[in-house]
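Descriptive structure summary
One-letter residues, chain by chain:
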Amino acid sequence: MSVSNPGYAGAWFIFLAFALAPVSFADPPEGWAFLSYDEASEIALEQDKRMFVYFGRYGCPTCERVNRESFVDDRVDAKYKNNYVLAYVDSESGERLRLPTGERVTEMELGIRHDVVGTPTFFFMEPDGTTILKIAGYVSAGQLLGLDLFVDGEHYKTRTLAEFVADES
Amino acid sequence: MIRRLGAAFLSLPICAWSAPWSFDAPVEVVDRSLPPHFQHLEGAGRLHIAAGERSLAVVWEDDRDGSPQVYAAVKELAENAFEPDVKLSTGNEAFDPAVVALEGNRWIAAWEQNGEIWGSILDSSQVTLPARLSGGAARQVTLAADNGENVHAVWARVSNGAQVLEVAPLKVAANLLQVEAPVRVTPGADTHYQGYPAATFVGNGRLVVAWEDRRAGHTRLFSSWRKGRQPFSPEIQLNEHRAPATTDDFRGGTGVMRVTLARGQEDTVQAVWLDKRNPGSGYAVWGARSVDGGKSFSSNHKVQDELGDAIQQWHASVDHGRVGFVSTWDDARERWADESETADVWVSWQTESGWSGDESVPGASGAGYQGSPAMTIDREGDIHIVWIERDSRTSPGRLRYVRGVAEYRYR
């Protein structure tokens, strides 16, 4: 993936404006082994690996669109399955999780604590759960690849996403 | 702060509102030293506090002993301190308690324990041994009491990954809690998801139930009713589902959850829930009212005021008192002015034109997190609110309580 993809820079404006597409569908994308948040947190700590957390909602059309259009891209598949521990959270669900503090909370409550407004909302997190980047709304495959470059390339340690996009465009 | 600024600059009707209660100083529900731990007021119908003739009971879950367990505390209505709390649950883990008042300052509590529904009777001095209420795996229990006597439990039975609602009458016999055979609320196969029920009795022993349903590929709210032991009526949809404005084949809906119900005068019923029909601002408090005992409901109306529109609301519930229907919830609208205000408790009440402007609850607002409220109104019209207070949204917290004395009683 290259950040010089045609149409790539323009697509970032969607991110930076946090334009939330009309909400929402769904479960995690088919063929992806998304874990529950607590399972993913445990593995992330054990393996010292970053997390990619997908906050979706049952019935979220934009989530379904992202699943069908973006997560089917082979390059996204390779990068995200290799670089992150993947977690999926249904932000309306009463399923319970155990947080690293030991607290038991529902998936809905986890969404509240992360200020999830629209779905999908994606978080890149450090292995200890610290948020690196929060992105809300529709993301294309190209955008997912760009975000991976920003996070896995550790550019977030020296630049904001906006600076990164400006530099790479 | 934002609320006050908004009220000053905009000539909105909220300028005229003044809460019809005078609030006491808030107190801790558990007034003794415990190691830092996490409390939760979560459950179907948000029935975490119930007022009897002279006393009220609060039920919650916390992990003070290292595992989530359900506790209760009782206080005299007129006093501002709780009796020592008692542990209700007896299993490895317990969650999502509900409580309703019986005649004679007693209460029935129910909760999820080890994946089943359990319940017990409590009064100001003792708790009966818990009884298992569900015949198998179940969760998300709520309760309804008719004049403090006729009590029904409603829960979601779990079967092969699906959930279906069941209703079971409860009986108090020789100070023991007994359960009759449960019945389904809706007919059909056990293949989809019904959850988070709310229930209330109206006149003539009619039970109204509302719930979340996911069979359509997104969540919708439905309601149904039955009189006595007759079969439930055909379900009707409560929320006005707005299909997304797409022309492709992406299915879905705008998101609704956690419906609560309250009975008003005569055959009036108010439903209140969280509704994401305006996606840019997240969930808001919406409702619908029935004037025919739950046989039909009005078109949906927004409960919160305009100053809450740009931010999302959580943990909404409804009850009824002398001022009419009253709703509480939490939101972080004042975080715009102060980043430390991660949630405050808000209240709105029925007016001639709809719902009042929103008022923050004294003692349940300000820096830090004050959220997840539950509320009841006693026979005198006083409002009783419990909530979770934390320094931050992720820190251990405290369970707090405040009473608002009805305006007519202090004028």
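Let me begin by describing the structure that accompanies this report. No experiment lies behind these values; they were computed from the predicted model shown.

**Topic: the overall build of chain A**
Of the regular secondary structure elements, chain A holds seven helices and six strands. If you list the helices and strands of chain A from N to C, you get α-α-β-α-α-β-β-β-α-β-β-α-α. Taking all 169 residues of chain A together, the buried fraction comes to 58%. Intrachain contacts of chain A at a sequence separation of at least 6 include 70% that bridge at least 24 residues.

**Description of the packing of helix α4 (residues 74-83) of chain A against helix α6 (residues 141-152) of chain A**
Residues and elements named next belong to chain A. Where α4 meets α6, the axes come as close as 9 Å, and the angle between the chain directions of the two elements is 30 degrees. It follows from the interaxial angle that α4 and α6 lie roughly parallel. Between α4 and α6 lies a crossing whose hand is left-handed. Each of R75, V76, K79, Y80 and N83 in α4 lies in contact with α6, whose residues at this interface are A141, L144, L145, L147, D148 and D152. Residue composition of the contact of α4 with α6, by class: six nonpolar, one polar and four charged.

**As for the packing of aromatic side chains**
The tally for this structure, following the rule as stated, stands at 26 aromatic pairs over all chains. On the numbers, 5.2 Å between centres and 40 degrees between planes, the contact of A:Y80 with A:Y84 is tilted. Assigned by exposure class, A:Y80 and A:Y84 land together as buried. Three or more aromatic residues link up through ring pairs in this structure, and these residues are A:W32, A:F34, A:F52, A:Y54, A:F71, A:Y80, A:Y84, A:Y88, A:F122 and A:F124. The ring of B:F222 is capped by B:R215, whose NZ or CZ atom sits 5.0 Å from the centre of that ring.

**Looking at the sheet that holds strand β22 (residues 269-275) of chain B**
Residue and element names in this part refer to chain B. Reading across from one edge, β21-β22-β23-β24 is the order of the four strands in this open sheet, with antiparallel pairing throughout. If you trace the sheet from one side to the other, it starts and ends with β21 (256-263) and β24 (301-302), each paired once. With seven bridges joining them, β22 and strand β23 (residues 284-290) adopt antiparallel strand pairing. Residue pairing across strands places A271 opposite A288, the latter belonging to β23.

**Notes on α6(A)**
All names here are of chain A. In a regular helix each residue adds 1.5 Å, so twelve residues correspond to 16 Å; α6 covers 16 Å between its end C-alpha atoms and thus fits that length. Counting buried positions along α6 gives ten out of twelve residues, so the element sits mostly inside the fold. Of all the positions in α6, only A141, G142, Q143, L144, L145, G146, L147, D148, F150 and V151 are classed as buried. Among the residues trailing α6, E154 stands out with phi positive, at a value near 60 degrees.

**Comments concerning the interface of chain B and chain A**
In this assembly, 40 residues from chain B lie in contact with 35 residues from chain A. Between chain B and chain A, the buried area comes to about 3,200 Å², and carbon and sulfur atoms account for 47% of it. Among the ionic pairs, A:D115 bridges to B:R335, the shortest N-O distance being 2.9 Å. On the surface where chain B and chain A come into contact, there are 24 residue pairs in polar contact (both at pLDDT 80 or more). Of all the secondary-structure elements, those providing two or more residues to the side of chain B that touches chain A are β8 (94-102), β21 and β25 (313-321) of chain B. Top element by residues in the side of chain B that touches chain A is β21(B). It accounts for three residues. Looking at the side of chain B that touches chain A residue by residue, the class counts come to twelve nonpolar, 14 polar and 14 charged.

**A word on the sheet that holds strand β11 (residues 131-132) of chain B**
Residue and element names in this part refer to chain B. Taken together, the four strands give an open sheet; going across it, the order is β8-β9-β10-β11, and neighbouring strands pair in antiparallel fashion. Two strands bound the open sheet, and with one partner strand each, they are β8 and β11. As judged from the eight bridges shared by strand β9 (residues 106-113) and strand β10 (residues 116-123), these two strands associate in the antiparallel manner. Bridge pairing links A109 to S120 in β10.

**Remarks on the pattern of salt bridges**
Under the defined criterion, the tally for this structure stands at 41 salt bridges over all chains. Between A:R96 and B:E112 there is a salt bridge, with its nearest N and O atoms 3.3 Å apart. Of the two residues, A:R96 is situated in strand β3 (residues 96-98) and B:E112 in strand β9; the pairing between them involves two chains. For B:E112, a relative accessible area of 8% gives the class buried. Here the salt bridges do not stand alone but share partners, grouping A:R50, A:E126, A:D152, A:E154 and A:K157 into one network.

**As for the side chain of A:N83**
All names here are of chain A. Structurally, N83 can be placed in helix α4. Within the local environment of N83, its side chain forms a polar contact with the side chain of D152, the two groups lying 3.4 Å apart. Residues within four places of N83 in sequence aside, it is in contact with K49, R50, D148 and D152.

**Re the environment of B:S124**
All names here are of chain B. Residue position: S124 is located in the loop between β10 and β11. Exposure remark for S124: the relative accessible area of 48% places this residue in the partly exposed category. Contacts of S124, omitting those with residues within four sequence positions, involve V74, N105 and W107.

**So, unusual backbone geometry**
A:P120 follows A:T119 through a cis peptide bond whose omega is 0 degrees. Counting through the fold element by element, A:P120 comes out in the loop between α5 (107-113) and β5 (121-125). With phi around 50 degrees, B:R46 is a residue other than glycine that occupies positive phi space. Locating B:R46 in the fold gives a position in the loop between β3 (39-40) and β4 (49-51). The phi angle at B:H315 is positive, at roughly 55 degrees, despite the residue not being glycine. Mapped onto the fold, B:H315 is located in strand β25.

Rules used in this analysis
Residues numbered from 1 in each chain as written. Chains lettered and ligands numbered in written order. Predicted model: local features only at pLDDT ≥ 70, side-chain atom pairs only at ≥ 80, totals over all residues. Heavy atoms only, no water. Helix = DSSP H or I, 4+ residues; strand = E, 2+ residues; numbered from the N terminus. Buried < 20%, exposed > 50% of the residue type's maximum accessible area, 1.4 Å probe, protein only. Contact = heavy atoms within 4.5 Å. Axes fitted to C-alpha atoms, helices over the stretch in contact; angles between N-to-C directions. Parallel < 35°, antiparallel > 145°, perpendicular 65-115°, else oblique. Left-handed = near helix turned anticlockwise from the far one by under 90°. Nonpolar A, V, L, I, M, F, W, Y, C, P; charged D, E, K, R; others polar. Phe/Tyr/Trp six-rings, centres within 6.5 Å; stacked < 30°, edge-to-face > 60°. Lys NZ or Arg CZ within 6 Å of the ring centre and 35° of its normal. Pairing = 2+ DSSP bridges. Expected span 1.5 Å × (residues − 1). Buried area = accessible area lost by both parts, 1.4 Å probe. Salt bridge = Lys/Arg side-chain N within 4 Å of Asp/Glu carboxyl O. Polar contact = N/O pair within 3.5 Å; in protein donor to acceptor, adjacent residues only side chain to side chain.

Remember that the coordinates give geometry; whether it matters functionally is a separate question.
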